[in-house]
Amino acid sequence: MSQPDEPAGAPEPGREAVAPEPGADLTGRGPSQPEAPPTESGEARASRTLRDIATGSFGVTVLAFVLALVIGAILIVFTTDSVTSTLSYFFSKPGDFFSAAWEAVRDSYVAMFRGAVVNDRGWNFTTVFHPLTETMTVATPLIIAALGVAVAFRAGLFNIGAQGQVILGATFAGYIGFTWHLPVVVHVIVAIVGGILGGAIWASIAGVLRARTGAHEVIVTIMLNYVALYLLAYLLTTRFFTQAGSNQPKSPAVGPNANLPLLLGDQFRLNAGFLAAILASVFVWWLMTRSTWGFRFRAVGSNPNASRNAGIGVATTFIAVMAVSGALAGLAGAVQVLGTEKSLTGGIAGSLGFDAITVALLGRSKPLGIFFAGLLYAALDVGGRSMEAATGTPIDLVLVIQSLVVLFIAAPPLVRAIFRLPAPRTEAKGARA
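Residues numbered from 1 in each chain as written. Predicted model: local features only at pLDDT ≥ 70, side-chain atom pairs only at ≥ 80, totals over all residues. Heavy atoms only, no water.

## Describing the packing of helix α13 (residues 352-362) against helix α14 (residues 367-391)
- Between α13 and α14, the shortest axis-to-axis distance is 8 Å and the interhelical angle comes to 125 degrees. The orientation of α13 relative to α14 falls into the category oblique. Note on packing geometry: the crossing formed by α13 with α14 is right-handed. Of α14, the residues touching α13 (which contributes Asp355, Thr358, Val359, Ala360 and Leu362) are Ile370, Ala373, Gly374 and Tyr377.
- The class makeup of the residues in the contact of α13 with α14 is 6 nonpolar, 2 polar and 1 charged. (Axes fitted to C-alpha atoms, helices over the stretch in contact; angles between N-to-C directions. Helix = DSSP H or I, 4+ residues; strand = E, 2+ residues; numbered from the N terminus. Parallel < 35°, antiparallel > 145°, perpendicular 65-115°, else oblique. Left-handed = near helix turned anticlockwise from the far one by under 90°. Contact = heavy atoms within 4.5 Å. Nonpolar A, V, L, I, M, F, W, Y, C, P; charged D, E, K, R; others polar.)

## Remarks on the pattern of salt bridges
- Under the criterion given, the structure shown has 5 salt bridges.
- Ionic pairing is found between aspartate 381 and arginine 385, a salt bridge with its closest N-O pair at 3.0 Å. Taken together, the positions of aspartate 381 and arginine 385, both in helix α14 and 4 residues apart, correspond to about one turn of that helix.
- Exposure remark for aspartate 381: the relative accessible area of 29% places this residue in the partly exposed category. (Salt bridge = Lys/Arg side-chain N within 4 Å of Asp/Glu carboxyl O. Buried < 20%, exposed > 50% of the residue type's maximum accessible area, 1.4 Å probe, protein only.)

## Some details on unusual backbone geometry
- Of note in this structure, arginine 364 is not a glycine but carries a positive phi near 55 degrees.
- The exposure class of arginine 364 is partly exposed, given its relative accessible area of 33%.
- Of note, serine 365 is a non-glycine position whose phi angle comes to about 60 degrees, a positive value.

## Concerning the side chain of glutamine 336
- When you line up the elements, glutamine 336 lands in helix α12 (residues 314-341).
- Beyond its immediate chain neighbours, meaning those up to four positions away, glutamine 336 contacts Pro141, Glu341, Lys342 and Ile348.

## Considerations on a nonpolar patch on the surface
- On the surface, Leu263, Leu264, Leu275, Ile278, Val282, Phe283, Trp285 and Trp286 cluster together to form a nonpolar patch covering roughly 720 Å² of accessible area.
- Inspection of the secondary structure assignment puts leucine 275 in helix α9 (residues 273-290). (Patch = residues over 30% accessible without salt bridge, like charges linked within 9 Å, V, L, I, M, F, W, Y side chains within 5 Å. Areas by Shrake-Rupley, 256 points an atom, 1.4 Å probe, with all protein chains shown as cover.)

## Section: the confidence of the model for the chain
- Confidence in the prediction of the chain, expressed as mean pLDDT, is 85, and 85% of residues score 70 or more.
- Low pLDDT (under 50) marks residues 49-55, which in the prediction has 14 contacts with non-local residues, meaning those over four places away or in another chain.
- Below a pLDDT of 50 lies the segment residues 428-433, which in the model reaches 0 contacts outside its immediate sequence neighbourhood of four places, other chains included. (pLDDT = per-residue confidence, 0-100.)

## Thoughts on the packing of aromatic side chains
- Applying the stated rule across the entire model yields 15 aromatic pairs.
- Taking 6.4 Å as the distance between ring centres and 45 degrees as the angle between the ring planes, the aromatic pair formed by phenylalanine 78 and phenylalanine 97 counts as tilted. Here the residue phenylalanine 78 occupies a position in the loop between α2 (57-77) and α3 (81-84), and phenylalanine 97 occupies one in helix α4 (residues 94-116), the gap between them amounting to 19 residues.
- Residue class for phenylalanine 78 comes out partly exposed when judged on its relative accessible area of 48%.
- Overall, phenylalanine 97 belongs to the buried group, its relative accessible area being 9%.
- Taking the centre distance of 5.0 Å and the plane angle of 40 degrees together, the rings of phenylalanine 125 and phenylalanine 129 count as tilted. With a gap of 4 residues between them, phenylalanine 125 and phenylalanine 129 both fall in helix α5 (residues 125-154), about one helical turn apart.
- Of the residues examined, phenylalanine 125 reaches a relative accessible area of 53% and is grouped as exposed.
- The exposure class assigned to phenylalanine 129 is partly exposed, which follows from its relative accessible area of 32%.
- Taken together, the ring pairs in this structure connect Phe78, Phe90, Phe91, Phe97 and Phe98 into an aromatic cluster.
- The residue whose ring lies beneath arginine 210 is phenylalanine 318, and the NZ or CZ to ring-centre distance is 4.5 Å. (Phe/Tyr/Trp six-rings, centres within 6.5 Å; stacked < 30°, edge-to-face > 60°. Lys NZ or Arg CZ within 6 Å of the ring centre and 35° of its normal.)

## Some thoughts on the nonpolar core
- The biggest cluster of nonpolar side chains holds 93 residues, and the ones touching the most others in it are Phe297, Leu338 and Leu344.
- Excluding anything up to four places from it in sequence, leucine 338 contacts Ala173, Val188, Ala191, Ile192, Val254, Ala258, Asn259 and Leu260.
- If you look at the next biggest cluster of nonpolar residues, it comprises 10 residues, including Ile76, Val77, Phe97 and Ala100. (Core = buried A, V, L, I, M, F, W, Y, C linked by side-chain atoms within 4.5 Å.)

## Let's talk about the environment of threonine 137
- Positionally, threonine 137 belongs in helix α5.
- Here the alpha-carbon distance between threonine 137 and leucine 270, two residues 133 residues apart in the chain, equals 5.2 Å.
- Look past the residues within four positions of threonine 137 in its chain and what remains in contact with it is Arg269, Leu270 and Thr340.

## Structural notes on α5
- Under the 1.5 Å per step criterion, the end-to-end length of α5 is 41 Å for 30 residues, consistent within 8% with the ideal 44 Å.
- The axis of α5 is deflected most strongly, by about 35 degrees, at proline 131.
- Among the 30 residues of α5, 22 are classified as buried, and the element is accordingly described as predominantly covered.
- The backbone nitrogen of threonine 126 has a side-chain oxygen 3.3 Å away, supplied by the residue at the start of α5, namely asparagine 124. (Expected span 1.5 Å × (residues − 1). Bend = angle between axes of the 7 residues up to and from the residue. Polar contact = N/O pair within 3.5 Å; in protein donor to acceptor, adjacent residues only side chain to side chain.)

## Considering the side chain of threonine 86
- Tracing the backbone shows threonine 86 in the loop between α3 and α4.
- On the basis of relative accessible area, threonine 86 is assigned to the buried category, the value being 4%.
- Setting aside residues no more than four positions away along its own chain, threonine 86 makes contact with Asp96, Phe97 and Ala100.

What follows is the structure, given as structure tokens:
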């Protein structure tokens with residue numbers, strides 16, 4: 001009898017069946033070729049690029065700022081008397097309301113721009129660019145102090161004590177500035193180094209307590225803020241810090257050799273502290289991305305237990321992080337007293353240390369982001385005062401806008417939900433996984 005035909009591909013008797021290798025030819029038509037990926041059209045590529053820009057961190061930051069300005073405009077409309085007075089006859093003449101609202105918002109934001117960036121009504125170089133230099137001057141200590149806060153944030157520590165560290169840095173630098181008598185270049189360098197040491201020592205107290213006793217740095221640094229504030233208030237009542245023949249709590253002016261040099265002449269307040277802010281930004285970038293200590297800081301911030309098992313001294317790292325963070329805040333205080341204020345007062349730091357926390361959050365703890373966030377925050381501050389003087393708009397509205405910017409930037413999903421933006425591709429892939 002004839003044997004039935006064996007199915008194609010059946011193994012010979014006595015041999016085991018072997019699974020075909022991936023990509024093996026099972027049809028006899030030659031080896032299979034991988035399919036070429038579909039070619040992306042130019043329109044699809046442009047659409048993908050726009051989506052990445054709109055949903056990325058930079059795009060969300062811009063949209064957050066725009067959204068804050070829109071809400072600020074609504075508040076301006078309903079707090080301006082010339083606008084609210086038209087509501088009584090809104091239904092008979094709605095055009096009056098919209099015209100007055102547009103004028104109020106336009107005048108307020110134009111005044112803010114002229115006061116913070118460029119005054120197009122100026123008649124010479126000084127009056128045109130004076131607002132921009134003021135913004136840069138106000139932003140200088142903000143940027144430096146925010147860099148210090150960001151170093152601690154990225155290492156998993158919450159340095160809420162930048163205010164006290166700024167005060168100690170200003171105190172050390174100011175005392176050296178008005179007490180010591182040194183040559184021109186040497187004096188300003190020594191005063192700046194003194195400010196850096198003052199901030200580093202003050203912040204290291206919290207670092208040592210965290211490393212040795214486990215005391216939480218948030219509580220310790222907040223308490224150290226008050227200690228620094230009242231310590232300066234006491235020092236300004238002593239003969240070592242009080243100006244001769246004055247009953248005011250104000251120190252003598254720092255010596256001319258300790259003043260930071262002006263960058264654009266006597267008609268502007270912009271000084272070499274702005275260059276220090278640029279150098280500090282570069283230093284923090286190098287420290288956190290290119291140095292061994294920066295790797296330790298980030299590793300401990302990501303997982304202290306794993307870092308300890310890997311041989312990294314977590315306690316030593318905590319102390320080093322707080323020292324670097326405080327050193328930068330102390331530098332901010334030194335720049336403030338040597339470049340802008342020129343003498344010590346009880347309000348030498350203002351709210352600088354607390355604003356630095358906001359700027360660090362705005363910049364997402366990245367040096368470049370902090371640099372531009374500091375300029376933005378200072379522009380809102382300087383421009384807000386100009387807006388109040390020119391239009392009578394309450395300065396509190398600027399604080400509201402600043403708060404809204406922080407709120408929206410800190411909550412990217414909220415901004416995407418308001419503008420109906422898709423999630424970034426990385427987040428979408430993670431959600432599908």
